[in-house]
Amino acid sequence: MACPQQSDELVFFVNGRKVIERQADPEELLLYYLRKKLRLSGTKYGCGVGGCGACTVMISTYDPVAKLIHHRPANSCLLPLCSLHGAAVITVEGVGSIKTRIHPIQERLAKCNGSQCGFCTPGMVMSMYALLRNHAEPSMEQIISALDGNLCRCTGYRPIIDSYTSFAREPTCCQLRGTGQCCLDQEERVCSSSTGGQILSGLCNPEQFLPMDPTQEFIFPPELMRMAQEQQRTTLIFHGKRTTWISPPSLKKLLKLKAKYPKAPLVVGNTTVGLKRNHSGAYHPIILHPVRISEMLVVSSTSDGLVIGAACCLAQLRDILMKAVTELPAEKTKTYRALLQHLRTLAGEQIRSMASLGGHIVSRGSSWDLNPILSVGKSVLNLASEDGKRQILLNDRFLAGCEHADINAKEVIVSVLIPYSMKDDFISAFRQAERQKNALSIVNSGMRVLFRPGTDTIVDLSILFGGIGSTTLSARKSCEKLIGRQWNDQMLNEACKLVLEEIVLPPSASGGKVEYRRTLLVSFLFRFYLEVLHGLHQMYPFRYAELSQEKMSALGMLQSGVPQGVQIYQDVDPGQSPQDPVGRPIRHQSGIKHTTGEAVFIDDIRPVDGELSLAVVTSVKAHAKIISIDASEALQVPGVVDVVTARDVPGKNGKDEQAYAEDKVICVGQIICAVVAESLTQAKCGAGKVKIVYKDLDPILTIEDAIKNNSYITEQRKIEKGDIVKGFKSADEIIEGELHMGGQEHFYMETNSVLVIPRVEDKEMDVYVSTQHATDVQELVASALNLQSSKVMCHVKRVGGAFGGKVTKPSLFAVIAAVAANKTGHPVRFVLERNMDMLITGGRHPFFGKYKVGFMNDGRIIAADFQCYINGGCTKDESELVIEYVVLKVDNAYNIPNLRVRGHACKTHLPSNTAFRGFGFPQAGLLMETCIVAVVTQTGLPHEKVRETNMYKGVNLTSFKEKFDAENLWKCWEECLDKSDYYSRKAMVEEFNTKNYWKKKGIAIIPMKFSVGFNATYFHQAGALVHIYIDGSVLITHGGIELGQGIHTKMLQIASRELKIPLSYIHFCETSTTTVPNGKYTAGSVGTEINARAVQNACQILWKRLEPIQRDNPDGKWEDWISEAHKQSINLSATGYFKGYHTNMNWDTQKGHAFPYFLFGVACSEVEIDCLTGAHKNIRTDIVMDACFSINPAIDIGQIEGAFIQGVGLYTLEDIYFSPKGEQLTLGPDTYKIPAVCDVPEQFCVYLLPNSRNSIAIYSSKGMGEAGLFLGSSVFFAIRDAVAATRKERGLSLDFTLNSPLTVERIRMACGDVFTEMIPKDKPGTYKPWAIDIA
Ligand SMILES: Cc1cc2nc3c(=O)[nH]c(=O)nc-3n(C[C@H](O)[C@H](O)[C@H](O)COP(=O)(O)OP(=O)(O)OC[C@H]3O[C@@H](n4cnc5c(N)ncnc54)[C@H](O)[C@@H]3O)c2cc1C
Ligand code: FES
Ligand code: FES
């Protein structure tokens, strides 16, 4: 239904400049407008669904009535352009830039090493900027909460928090027990070491930070203030191609419009409407935008309660309630406190600042947190329509959408009355999510009981649950039956029974976790019961007894505090020249560019002439024949230029994996064809219209299925050491067990991206791509196009995170785009949306391990037999190498005299799994540690004793006969025991556990032997090219790729040392196949050191050439020598080469020098779990790492911390779900939870082992890229320790298996108790589950 009036001009400001959009499209979102139209590419796309914060901007608006300016952070990926009329937008470019002025937020973040790949960084800057515009001196809690909605996959957040701590009102101290040091001792020389440099603490110096200067900020444009005043009575209308946006100035006009367009949504935050459009393409011809209507923004207090306008956002609601709670008597604010509890964890600050109260109530999402509380708090909706005003209760019937209890289509909610609570009221809120913050609830609840005054007789009871049905559900019948009862144990038992009967969750319910969700229903009920008893005692201490200590421990939710970090490392030798940067914590070479948004990623490259966008059509079947592809409708879509299939590939269609599926599909998500169009929207629309007919074939999805069907990718890999049969015979005891471990999504913040530009001459192609392996891209594109490799120029400036996920896959995406570019003759850009990236690409291999272990009663392991299986997916990819590494690395830090390991890579019809940081070791190591825990359980010996008994000692041979010295393993172990104060903390944990029945702590210390590099020399070769220009400036390039790991920064340090010039003389431009050919992939923790050898080689060649000139003129400057060298016709350009470490592995003899060297580390972690919900919090982690001589401690510690947090994600959070048909169900940050700020240990200390050297790698360093990840398993085992303490107390078997990841569900269900026993269990095989276990 079109609206007659002419379209208004949309006027807003961006970074102080006025923007007038005469044809504003209501369907357009700010992110795309900023990036594509205004060319402000600092604001990034990370997910498109409000879940990652990469797109954060600040929106300022002026309220002409209150004469106030409001600043708020917002996710521009969900923000409709038309909502910005009259607003001032600040993007990262407006905060500061290298060209103008760097803002202190940007400067401090860069100086504190708060960016690695830099993709999340502009979003981090903007969240902090918005906070500081509202609170010049925020508290640490406000800072942490401002970052709730921002994800970073690289840094582990610690340095980000550190940098922002400097803005906090009050400095906070870590008060590290036992270490004798404090996080505030930045740069303080805490002690001297026996050799080498002193031991330093902290990586940057806050004294060097620029001061904040608020006068430098953009002021709110006076023109917009005037406009707001003048347009107070004007209806604004923006017509788009399909949708009209109407912003009425008054309630009267809104009601008129609503009467005319009853189906039109009222869009405020667009966080529900926008998402629906994203997920299901929902479209609205008319959208009403009610944010200028004063009645809908009202905040008033009446005798009954607070009245809050429906258009108020949730952050505003939080602030209002916080004020009310401090000002009003506690008995009146019970509902408000319950709401506040959820408002602290609901989404991120951006969403809280966008989403409205009315939108929250009306959209009634199943797991929306506030509705159950508003309902039990007897909130009233003030409705209005042209027919008049009325009030309805926001009760369970409204939430269920019952006809007579709902608003009608012509009505709007004007405001909401949230009543004061009463003296005899008890109101509680509960929620449990997969992550503490910024995660939708799995189950939530609002509960209220009203007693007859002065008694515990129930007069009124309401219990509502979210996350169970399609909307919030009420246990109304159960509550009715309990009226009149006393509040005692019998009532609780009956309440649990009634609720479980009334709130039914079928076994195949969407979202899975059925038994867990059922358990939460009664666990919450129990907690409510105790909270009320506790409350009754506080009100009537003489009538009602206080809770026992055991019951008290059930109260309260676990909440992480503000994380504090300590970083300890050894300074360079005092004799080292101050100009020589090697060994010093030099900040990332692109750090400032990351923070200002000026660092260019693939999708930030400006469009080229004639460029087309590409969208792919992927298989919806796991295994099927392709009968036909009909692209005729797609070709009719305006703007669509062509549809590309396997038939258009002139050469080879991929290598091991087909780029375009040919006659068969072998997984859901396999690319079948590509649609190229003038815009991405058109390409996606075209892709949606391609029709594919399949003939189903039987799929194999799980490891179990693959074993049954003998479906393997490669031959079995096997290592046998000693005499396994004899070993088992001589053991005192033998036990067997299993471990299942899920996979992991890379979730690099920059999705796969490629831009292919055909050149005019000689069929040359420029390929700009986000990859770890430029040579592979070059080779595959060349072979697909039947070209020689010399015609394909592959360029990589930087990659926005990779973690192994961009080793093999980008080549396929490059082929897809290159074939399209070749066919159409146009440049083609192919940037995957997050859900497509997660759908198409595989991740870490899911793992199934079986162990049989024979040991003596003193804990000595005599024999172990391991069978390891990985789910490789549908093609070989890196699976052969991964299973080899599983077999080679499974011993971890333990010397088992008789050992047999067999490894199998299973072939299934799932997306092909690939390389991932740690490459098989995180799975293998977890199996070994699980085996150790089994021995501990059986012998009853302390964990650390069994580990010590079995750890390698002195000079040793690995299972494949490679020699190594375990001295540093022991040094790390002892240092970690000491630094973490392990023994006294273990005693404290035990003491805590005896006093707390429903909360338990756990502690674990885990050693690690990590083998660095690859088992073939060929993988370690590297090349470099160094030019010295006549002005003395130096350009270096090499085959390694910047993935955020700081490779180029280290290369500059190396060149600086070798050429003896300051860093400022040296520049790195890009990695390109045209400058350094045949580079290997940047992976395996050795990318930096092997390329460093090549750079060193080139620099040494150049220095040798320059030496005679320098000798002749020792007092001259660098520039003089270069000028002289040029005059003498000395070649000022050199290539450098490193042939590679000598490694090999012979699988026939089971012997080899498989890895260049080993790296040791130890981590000790302490956690607390909530036995009723399965939640846990990371209290403290101490890591000691044998980094040897660190070329750059800031970068190396950053790698350790980032990898560790990624490991915490792997082992405790990140769960991938597949449907029984093989469809991946977790396709974005909304369903797949990587660690967020709330997951960082409250105390997080990293120590680099001093006085340690590695003769193999450059400057005696070691590669730090991957090893820290496995140390995340210390959190897994600390949780296991806490679960074991729980089970011991409840008399349950201690011989239990915990699979990975240890999610809230697994933790809760392992803490068996009366509530887990109460819930109905479904017999496997009698129903179709929502998801299957593929490991
Ligand atoms: C990334 C993300 C994370 C989230 N996390 C959480 C979470 O942890 N917990 C949680 O509870 N929720 C969460 N949410 C959901 C969020 O609370 C809701 O999406 C939000 O409250 C909806 O408000 P809105 O203003 O954006 O609604 P909109 O999308 O603008 O509108 C939603 C609907 O409400 C209707 N509507 C709006 N106002 C009125 C009115 N005054 N009268 C009549 N109808 C009206 C509209 O017509 C529309 O149908 C999350 C959402 C996102 C995107
Ligand atoms: S891109 Fe907007 S939140 Fe992820
Ligand atoms: S630096 Fe945060 S995602 Fe890479």
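If you're wondering where the values come from, they're calculated on a predicted model, not measured in any experiment. (Residues numbered from 1 in each chain as written. Chains lettered and ligands numbered in written order. Predicted model: local features only at pLDDT ≥ 70, side-chain atom pairs only at ≥ 80, totals over all residues. Heavy atoms only, no water.)

Novice: Got a sec to walk through the overall build of the chain? Specific residues and values, please.
Specialist: Within the chain, the secondary structure is distributed over 40 helices and 48 strands. Against the globule reference of 34 Å for 1335 residues, the chain gives a C-alpha radius of gyration of 31 Å, in line with a compact fold. For the chain, the proportion of its 1335 residues judged to be buried stands at 66%. A fraction of 78% describes how many contacts in the chain between residues 6 or more apart in sequence connect residues 24 or more apart. (Helix = DSSP H or I, 4+ residues; strand = E, 2+ residues; numbered from the N terminus. Rg over C-alpha atoms; globule rule 2.2 N^0.38 Å. Buried < 20%, exposed > 50% of the residue type's maximum accessible area, 1.4 Å probe, protein only. Contact = heavy atoms within 4.5 Å.)

Novice: Mind laying out the sheet that holds strand 34 (residues 861–871), listing which residues take part and the relevant values?
Specialist: If you walk across this open sheet you meet the 5 strands as 27-35-34-33-28, and the pairing is mixed. The two strands at the open ends of the sheet, each matched to only one other strand, are strand 27 (717–721) and strand 28 (733–741). Adjacent strand axes in the sheet meet at a mean angle of 10° when their direction is disregarded. Summarising the sheet, strand 34 and strand 35 (residues 898–906) pair through 9 bridges and their orientation is parallel. In the strand pairing of strand 35, Y869 is matched with H904. (Pairing = 2+ DSSP bridges. Axes fitted to C-alpha atoms, helices over the stretch in contact; angles between N-to-C directions.)

Novice: I'd love a proper account of the environment of S1072, names of residues and values included.
Specialist: Locating S1072 in the fold gives a position in strand 42 (residues 1071–1072). Separated by 330 residues in the primary sequence, S1072 and G742 place their C-alpha atoms 36 Å from one another. In this view, S1072 contacts C794 and H795; residues no more than four positions away in its chain are not counted. One polar contact links the side chain of S1072 to the main-chain carbonyl oxygen of C794, over a distance of 3.5 Å. (Polar contact = N/O pair within 3.5 Å; in protein donor to acceptor, adjacent residues only side chain to side chain.)

Novice: Run through the UniProt feature "active site" (unreviewed entry) in the chain, naming residues and quoting values.
Specialist: The UniProt record marks E1266 with the feature "active site" (unreviewed entry), using the residue numbering of this structure. Residue placement: E1266 occurs in the loop between strand 48 (1243–1248) and helix 37 (1268–1271). (UniProt positions renumbered as here; feature names shortened; annotations may be inferred.)

Novice: Lay out helix 17 (residues 489–502) in plain terms, naming residues and giving numbers.
Specialist: Over its 14 residues, helix 17 runs 20 Å from end to end, which matches the ideal 20 Å to within 8%, given 1.5 Å per residue. Taken together, the buried positions of helix 17 are occupied by M491, L492, A495, C496, L498, V499 and L500. (Expected span 1.5 Å × (residues − 1).)

Novice: Mind laying out the UniProt feature "binding site: FAD" (unreviewed entry) in the chain, listing which residues take part and the relevant values?
Specialist: Following the UniProt record, one finds the feature "binding site: FAD" (unreviewed entry) at L266, V267, V268, G269, N270, T271, T272, V273, D369 and R431. A stretch of 166 residues holds the annotated residues, and the largest C-alpha distance among them is 28.1 Å, long enough that they do not meet in one place. Its place among the elements puts V268 in the loop between helix 8 (251–260) and helix 9 (273–280). Not counting chain neighbours up to four residues away, the residues in contact with V268 comprise H289, P290, V291, A311, M354 and S356. For T271, the location among the structural elements is in the loop between helix 8 and helix 9. Using a relative accessible area of 17% as the deciding quantity, one classes T271 as buried. In this structure T271 touches L78, I351, M354 and A355, once residues within four positions along its chain are discounted.

Novice: Can you tell me about the pairing of strand 29 (residues 753–758), naming the residues and giving the values?
Specialist: Burial analysis of strand 29 places 5 of its 6 residues in the buried class, the great majority of the element. Alignment of strand 29 against strand 32 (residues 828–831), held across 4 bridges, turns out to be antiparallel. Bridge pairing in strand 32 places L755 opposite R829. With 5 bridges joining them, strand 29 and strand 30 (residues 765–769) adopt antiparallel strand pairing. Across the sheet, the residue bridging to P758 is M765, located in strand 30. Linking strand 29 to strand 30, which pair antiparallel, is a turn of 6 residues; within it D762 sits at a positive phi near 50°.

Novice: So what's going on with the pattern of salt bridges? Residues and values would help.
Specialist: Tallied over the full model, the rule gives 69 salt bridges. The residue E611 makes a salt bridge to R829 at a minimum N-O spacing of 2.6 Å. Residue E611 is found in the loop between helix 20 (591–596) and strand 21 (612–618), and its partner R829 is found in strand 32; the two are separated by 218 residues along the sequence. For K621, the salt bridge identified is with D696, shortest N-O distance 3.4 Å. Placement of K621 in the loop between strand 21 and strand 22 (624–630) and of D696 in strand 26 (residues 691–696) is noted, with a sequence separation of 75 residues between them. Assessed through its relative accessible area of 28%, K621 is described here as partly exposed. What emerges from the salt-bridge pattern is a single network uniting R35, K36, K44, D603, D604, E611 and R829. (Salt bridge = Lys/Arg side-chain N within 4 Å of Asp/Glu carboxyl O.)

Novice: Please give an account of the packing of aromatic side chains that cites residues and values.
Specialist: For the structure on display, the rule yields 39 aromatic pairs. Summarising the aromatic geometry, the rings of F526 and F1315 are spaced 4.8 Å apart at their centres and angled 40° between planes, so their arrangement reads as tilted. Of this pair, F526 sits in helix 18 (residues 514–539) while F1315 sits in helix 40 (residues 1314–1318), and the two are 789 residues apart along the sequence. With a relative accessible area of 6%, F526 lands in the buried category. With a centroid separation of 6.3 Å and an interplanar angle of 65°, the aromatic rings of Y1211 and F1276 are classed as edge-to-face. One end of the pair, Y1211, is in helix 36 (residues 1193–1212); the other, F1276, is in helix 38 (residues 1273–1289), and 65 residues separate them in sequence. The same class applies to Y1211 as to F1276, namely buried. Among the aromatic side chains, those forming a connected cluster through ring pairs are Y885, F919, Y952, F960, F964, F1155, F1158 and F1160. Taking the ring centre of F119 as reference, the NZ or CZ of K44 above it sits at 5.9 Å. (Phe/Tyr/Trp six-rings, centres within 6.5 Å; stacked < 30°, edge-to-face > 60°. Lys NZ or Arg CZ within 6 Å of the ring centre and 35° of its normal.)

Novice: Any details on the site of ligand 1? Residues and values, ideally.
Specialist: Around ligand 1, the surrounding shell holds 31 residues, and the nearest of these are L266, T271, T272, S356 and D369. Between ligand 1 and H360 there is a distance of 2.9 Å, counted from an oxygen atom to a side-chain nitrogen or oxygen. Here an oxygen atom of ligand 1 sits 3.3 Å away from a polar atom, N or O, in the side chain of R431. Burial of ligand 1 by the surrounding chains reaches 93%, relative to a free accessible area of 980 Å². Elements with a minimum of two residues in the shell around ligand 1: helix 9, helix 13 (357–363) and strand 15 (412–419). Take the shell around ligand 1: its biggest share by element is 4 residues, from helix 13. Of the residues that constitute the shell around ligand 1, the class distribution is 20 nonpolar, 9 polar and 2 charged. (Near = heavy atom within 4 Å. Areas by Shrake-Rupley, 256 points an atom, 1.4 Å probe, with all protein chains shown as cover. Nonpolar A, V, L, I, M, F, W, Y, C, P; charged D, E, K, R; others polar.)

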